[in-house]
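Residue-level structure breakdown
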Amino acid sequence: MTLNSIGLNTEMTKELANDLNTLLANFQIYYQNLRGIHWNIKGKRFFDLHVKFEELYTDANVKVDEIAERILTLGVTPLHTFEDYTNAAKVPVGKNISQDEKAVNLIVESLTELLKIERAILDKSDDANDEGTNSMMSDFITEQEKTVWMMKAWLGETV
Ligand SMILES: [Fe+2]
């Protein structure tokens with residue numbers, strides 16, 4: 001087993017960075033979903049939701065950069081083309097969504113997919129003793145679970 005210059009198993013680190021690239025691609029789909037619903041939302045709850053979706057995409061934008069820079073820290077190039085993002089997409093792509101409940105459901109469905117990817121990375125980063133990636137995943141998971149609860153509450157549903 002070889003260790004890289006940050007003291008992590010070289011092979012496991014590469015694998016984790018590739019998984020983080022999948023997460024990055026899916027985060028970009030989520031981000032673009034949020035831009036779409038921010039722009040296209042219609043109806044009596046427009047003002048609330050337009051602002052809420054902006055808050056979420058601003059947060060997603062920060063996380064996208066954190067993920068990309070973690071990938072670089074692990075010695076791999078972050079995916080940065082739309083083509084690569086589309087090829088790695090597991091998050092559903094929302095198109096022309098203007099109805100408020102459909103928009104909120106798109107957020108829930110997107111986060112459900114991101115959480116699956118993040119939990120798999122959490123397990124793997126634990127095995128690799130990669131505390132940096134592990135704590136990042138654990139923070140993302142906690143925040144996104146709370147967002148899912150809130151979106152479900154808005155829909156009048158439970159998690
Ligand atoms: Fe805007």
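Looking at an unreviewed UniProt entry, one finds the protein named Dps family protein, with Corallibacter vietnamensis as its source organism. Under the heading Sequence similarities (unreviewed entry), UniProt records this for the protein: "Belongs to the Dps family."

With that settled, the discussion passes to the overall build of the protein. Counting secondary structure elements, the protein contains five helices and zero strands. For the protein, the α and β elements follow one another from N to C terminus as α-α-α-α-α. A globule of 159 residues ought to have a C-alpha radius of gyration of about 15 Å, and the protein, at 17 Å, matches this closely. Seen through its principal axes, the protein has C-alpha atoms that stretch 60 × 30 × 20 Å. Taken over 159 residues, the protein has a buried fraction of 43%. When contacts within the protein are restricted to residue pairs at least 6 apart in sequence, long-range pairs at least 24 apart make up 74% of them. Accessible surface for the protein amounts to roughly 8900 Å². Of this, 51% is attributable to carbon and sulfur atoms.

A few words on the environment of Lys-63. For Lys-63, the location among the structural elements is in helix α2 (residues 46–73). Along the chain, Lys-63 and Leu-24 lie 39 residues apart, while their C-alpha atoms are 8.8 Å from each other. Beyond its immediate sequence surroundings of up to four residues, Lys-63 is in contact with Phe-27, Phe-140 and Glu-143.

The next point concerns the UniProt feature "domain: Ferritin/DPS" (unreviewed entry) in the protein. In this numbering, the UniProt entry assigns the feature "domain: Ferritin/DPS" (unreviewed entry) to residues 19–157. Secondary structure across residues 19–157 comprises 78% helix and 0% strand; the distance between its end C-alpha atoms is 32 Å.

Moving on: the pattern of salt bridges. Evaluated as defined, the whole model comprises 10 salt bridges. In this structure, Glu-55 and Lys-52 form a salt bridge, with 3.0 Å as the shortest nitrogen-oxygen distance. Taken together, the positions of Glu-55 and Lys-52, both in helix α2 and three residues apart, correspond to about one turn of that helix. Take Glu-55: its relative accessible area is 46%, and that puts it in the partly exposed class. With a relative accessible area of 30%, Lys-52 lands in the partly exposed category. Arg-70 is the salt-bridge partner of Asp-130, the closest N and O atoms lying 2.8 Å from each other. Highlighted residues: Asp-130 in the loop between α4 (100–127) and α5 (131–154) and Arg-70 in helix α2, separated in sequence by 60 residues. As far as the burial class goes, Asp-130 and Arg-70 line up, both buried. Among the charged side chains, a network of salt bridges with common partners joins Glu-15, Asp-19 and Lys-124.

Parameters at a glance
Residues numbered from 1 in each chain as written. Predicted model: local features only at pLDDT ≥ 70, side-chain atom pairs only at ≥ 80, totals over all residues. Heavy atoms only, no water. UniProt positions renumbered as here; feature names shortened; annotations may be inferred. Helix = DSSP H or I, 4+ residues; strand = E, 2+ residues; numbered from the N terminus. Rg over C-alpha atoms; globule rule 2.2 N^0.38 Å. Buried < 20%, exposed > 50% of the residue type's maximum accessible area, 1.4 Å probe, protein only. Contact = heavy atoms within 4.5 Å. Areas by Shrake-Rupley, 256 points an atom, 1.4 Å probe, with all protein chains shown as cover. Salt bridge = Lys/Arg side-chain N within 4 Å of Asp/Glu carboxyl O.

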